[in-house]
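# Structure at a glance
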Amino acid sequence: MGKQPKTPESARRTTRSTSSVSPAPTPSKPSAPPKTPELSSSLNQLLSSLPGRKPQILDLIRFLGPSNAPCLPLLLYGNASTGKTSTVLKVFEHLKRPFVYSSCRSCHNPRILFELVLSQLGSSQKRCKKMSDFFNYLKEALVERNNGEMVYLIFDSIESVRSWDNGSKVLSLLLTLYDKLQSDGLGLIYISRSTPDVYLLRFGLFQPIDLCFPDYTFEETHSILMRNQAYPKLYSSFLSVVLRPFTRVTRRIDELASALDPLYKKYCEPLTDLTIIPNEAMKRRLCDYIWPHVTAALNQTFTIPPRALMEKGSTGGIKRQPSGLRNETGLSELDFHMSVSAKYLLISAFLASRNPATLDAALFDSTGGCDGRKRKRKSSQSVIDKKNTRAEEMLTKGPGTFPLERLLAIFQCITSVLEEDSPLNEGKLLENGVGMMSDVLLQLSTLCSSSFLCKSGNCPLEGSVRYRSMIDEDMALKVARSVNFPLSNYVYRR
Ligand SMILES: Nc1ncnc2c1ncn2[C@@H]1O[C@H](COP(=O)(O)OP(=O)(O)OP(=O)(O)O)[C@@H](O)[C@H]1O
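A quick note: this is a predicted structure, and the numbers were derived from the prediction, not measured.

The rules we used
- Residues numbered from 1 in each chain as written.
- Predicted model: local features only at pLDDT ≥ 70, side-chain atom pairs only at ≥ 80, totals over all residues.
- Heavy atoms only, no water.
- Helix = DSSP H or I, 4+ residues; strand = E, 2+ residues; numbered from the N terminus.
- Buried < 20%, exposed > 50% of the residue type's maximum accessible area, 1.4 Å probe, protein only.
- Contact = heavy atoms within 4.5 Å.
- Areas by Shrake-Rupley, 256 points an atom, 1.4 Å probe, with all protein chains shown as cover.
- Core = buried A, V, L, I, M, F, W, Y, C linked by side-chain atoms within 4.5 Å.
- pLDDT = per-residue confidence, 0-100.
- Phe/Tyr/Trp six-rings, centres within 6.5 Å; stacked < 30°, edge-to-face > 60°.
- Lys NZ or Arg CZ within 6 Å of the ring centre and 35° of its normal.
- Pairing = 2+ DSSP bridges.
- Axes fitted to C-alpha atoms, helices over the stretch in contact; angles between N-to-C directions.
- Near = heavy atom within 4 Å.
- Polar contact = N/O pair within 3.5 Å; in protein donor to acceptor, adjacent residues only side chain to side chain.
- Nonpolar A, V, L, I, M, F, W, Y, C, P; charged D, E, K, R; others polar.
- Parallel < 35°, antiparallel > 145°, perpendicular 65-115°, else oblique.
- Left-handed = near helix turned anticlockwise from the far one by under 90°.
- Salt bridge = Lys/Arg side-chain N within 4 Å of Asp/Glu carboxyl O.

### As for the overall build of the protein chain
Check the secondary structure of the protein chain and you find 25 helices and eight strands. Classification of the 494 residues of the protein chain by burial places 51% in the buried group. Expressed as a percentage of contacts within the protein chain between residues at least 6 apart in sequence, the contacts between residues at least 24 apart total 75%. Per element, the accessible surface of the protein chain, about 23100 Å² overall, is 54% carbon and sulfur.

### What about the nonpolar core?
In terms of nonpolar packing, the biggest core is built from 59 residues, with Leu64, Phe134, Leu153, Phe155, Leu174 and Leu177 touching the most fellow members. Residues Leu359, Cys413, Phe452 and Tyr467 belong to the second largest nonpolar core, which totals 37 residues.

### Overview of the confidence of the model for the protein chain
Averaged over the protein chain, the pLDDT score is 74; the fraction of residues at 70 or greater is 70%. pLDDT under 50 marks residues 419-435. Its contacts with residues more than four places away, or in other chains, come to 39 contacts.

### Looking at the packing of aromatic side chains
Taken as a whole, this structure holds ten aromatic pairs when the rule is applied. Their ring planes at 10 degrees and their centres at 4.2 Å tell us that Phe114 and Phe134 sit as a pair that is stacked. You can see Phe114 sitting in helix α7 (residues 110-120) and its partner Phe134 sitting in helix α8 (residues 131-145), a full 20 residues away along the chain. Owing to a relative accessible area of 2%, Phe114 belongs among the buried residues under this scheme. For Phe134, a relative accessible area of 0% corresponds to the buried category. A cation over an aromatic ring shows up here: Arg244 above the ring of Phe218, its NZ or CZ 3.6 Å from the ring centre.

### Observations concerning the sheet that holds strand β3 (residues 151-156)
Across the sheet, five strands lie side by side as β2-β3-β4-β1-β5; this open sheet has parallel pairing. Strands with a single pairing partner mark the edges of an open sheet, and in this sheet they are β2 (99-103) and β5 (209-213). Sheet twist, expressed as the mean angle between neighbouring strand axes with direction ignored, is 15 degrees. Pairing geometry for β3 and strand β4 (residues 186-192), over five bridges, is parallel. Considered in β4, the bridge of Ile154 is made with Ile189. Along the sheet, α7 makes contact with β2 and β3, crossing β2 at roughly 160 degrees.

### Section: the site of the ligand
Taken together, 18 residues lie around the ligand, and Lys84, Thr85, Ser86, Arg193 and Tyr216 are the ones closest in. At a separation of 3.0 Å, an oxygen atom of the ligand approaches a polar backbone atom of Thr82. Protein contacts shield 80% of the accessible area of the ligand, which totals 620 Å² for the unbound molecule. Ranked by residues supplied to the shell around the ligand, first place goes to helix α5 (residues 84-95) with three residues. Of the residues that constitute the shell around the ligand, the class distribution is six nonpolar, seven polar and five charged.

### A word on the pairing of strand β1 (residues 74-78)
Among the five residues that make up β1, five are buried, leaving the element largely enclosed by the rest of the structure. Side chains of β1 alternate between two faces, with Leu74, Leu76 and Gly78 and Leu75 and Tyr77 buried alike. Two strands pair when backbone bridges link them, and β1 and β4 are joined in this way by four bridges, in the parallel orientation. Counted as the bridge partner of Leu75 is Tyr190 from β4.

### Regarding helix α24 (residues 440-449)
Among the residues making up α24, those that are buried are Val440, Gln443, Leu444, Thr446, Leu447 and Cys448. Directly after α24, the chain includes Ser451, whose backbone phi takes a positive value near 70 degrees.

### A closer look at the environment of Val88
Turning to its location among the elements, Val88 is positioned in helix α5. Residue classification places Val88 among the buried positions, given a relative accessible area of 1%. Residues Val88 and Tyr101, 13 residues apart in the sequence, show an inter-C-alpha distance of 9.9 Å. For Val88, the contacting residues outside a window of four places in its chain are Leu60, Leu76, Ile154 and Ile191.

### Observations concerning the packing of helix α4 (residues 54-64) against α5
Closest axis-to-axis distance for the α4/α5 pair is 10 Å, and the angle between their directions is 55 degrees. Our classification of the angle between α4 and α5 gives oblique. When you trace α4 past α5, the crossing you get is right-handed. On α5, the residues that touch Ile57, Leu60, Ile61 and Leu64 of α4 are Thr87, Val88, Val91, Phe92, His94 and Leu95. Looking at the contact of α4 with α5 residue by residue, the classes come out as eight nonpolar, two polar and no charged.

### Focus on the pairing of β4
Taken across its seven residues, β4 has seven buried, putting it largely inside the fold. Of the two faces of β4, the one carrying Leu186, Leu188, Tyr190 and Ser192 and the one carrying Gly187, Ile189 and Ile191 are both buried.

### Describing unusual backbone geometry
Phi angles above zero are rare outside glycine, and Ser81 is one such case at about 60 degrees. You will see that Asn166, though not glycine, has its phi angle at about 60 degrees, which is positive. Mapped onto the secondary structure, Asn166 falls in the loop between β3 and α9 (167-175).

### A word on the packing of α7 against α9
At their nearest, the axes of α7 and α9 sit 11 Å apart, and the two run at 20 degrees to each other. Classified by the angle their axes make, α7 and α9 are roughly parallel. Each of Pro110, Leu113 and Phe114 in α7 lies in contact with α9, whose residues at this interface are Val170, Leu173 and Leu174. Grouping the constituent residues of the contact of α7 with α9 by class yields six nonpolar, no polar and no charged.

### Regarding the pattern of salt bridges
Going through the model one piece at a time under the given rule, you end up with 13 salt bridges. Notably, a salt bridge pairs Glu159 with Arg105, separated by 3.8 Å at the nearest N-O pair. Taken together, the positions of Glu159 in the loop between β3 and α9 and Arg105 in helix α6 (residues 104-107) put the pair 54 residues apart, joining distant regions of the chain. A residue is classified by how much of its surface remains accessible, and Glu159, at 14% relative accessible area, is buried. Across the salt bridge formed by Arg252 and Asp254, the nearest N and O atoms sit 2.8 Å from each other. Classification of Arg252 as buried rests on a relative accessible area of 12%. Residue classification places Asp254 among the partly exposed residues on the basis of a relative accessible area of 32%.

So this is what it looks like as structure tokens:
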């Protein structure tokens, strides 16, 4: 499971400013969700509109507290399409609270973001030439508004700010607004795909209450897709055929919905009556009918649009690029399409191609951990020298080939390390567990057909197929970052 949402008590911390500014109102104690019959039916509606998000919804309502009580900044985090935005917006709608929503991803630069926030607060004429303009206008708008009710600024996708010019400064301003403006009735909610440590380490003052949105389980994904279906029996029989293979490729609800939509239309084509409850024989016939389309659609999931593929020089001694596959901006597309297990497989393949096989034992211990330093200390200098010479040869030759067994061994090692290390990844890996391994061959063939890997002919000695990774180090690092994998700890360097 992912990092569990903290209990309200353990999550509430005193920021430097709340402890030093005495007249500032104390953030309210989180209270239980209201229990009037009217509200509880609206709460039930809210809960059923977002399957799998009950703990997050209830925590969020508790953290926000009553409408006139200040609340500490909240940081909602989780992978793409885990319902962070939908949950916040629906909770605010349910509570009927005033809020200002801005997605940093669609703003592209600070000026657009600042002016978007101000315009929603009624200051649409204000132009922000400097960062301090935003702060001053925001303060003015809050003072003018001052009606005793909190107003919440919701900043979505704050991880995107880091890639802007002056991104760090902008992020620092956004994350410290609470310290400066809490007494003006401002609540702050940040939504991020990155984990809190990214912000806590770099912006020391920022100490929000964090709320994790773990990836959906298979069952939750099923319930989400079943929502609002006109013919639930038929749709359920459709999902029983298609959902397993697709969730191996992606767990993103938006990707699944758009991939399954045309397939469902196909599935219904042979039927004249959609209200029918398919019996076993009909299910089998429909399954046979849809299956070729399923396999074709599964392959398409990895297609990277050509406009995103830009030429870029190779780095780190890796000389070859896959034909037609260039990276850099391509990663956002890649990130969009690639499942978590495919990303780990790609990282494993990169390591297998990049590192000499002789270093595997030193980099990964038998339980899968990265135990490089300990082992290196035990090796004699001459053994190290020999390995280094071979490794240097590899670096100058470009990416090496490797057999399937080596790929699987590395894959197993790095995924088991991540089960221990990464709170967000933990959920995916534990949940997928065996599934992730059994899925590898399917992922492998898809990675080959998408030119991320290539088959490198048969090894004359072993007679088996060998593979080669076709991505460069920059791309591997980006893939690794997207799943919080510490790739540089595993890459052999001269
Ligand atoms: N639990 C859920 N129930 C119903 N629909 C959901 C659920 N979770 C996600 N979705 C749907 O998936 C899509 C993406 O959800 P949303 O934008 O809320 O995710 P997110 O975590 O904010 O993603 P991102 O990090 O990409 O911004 C939306 O269409 C949303 O309706």
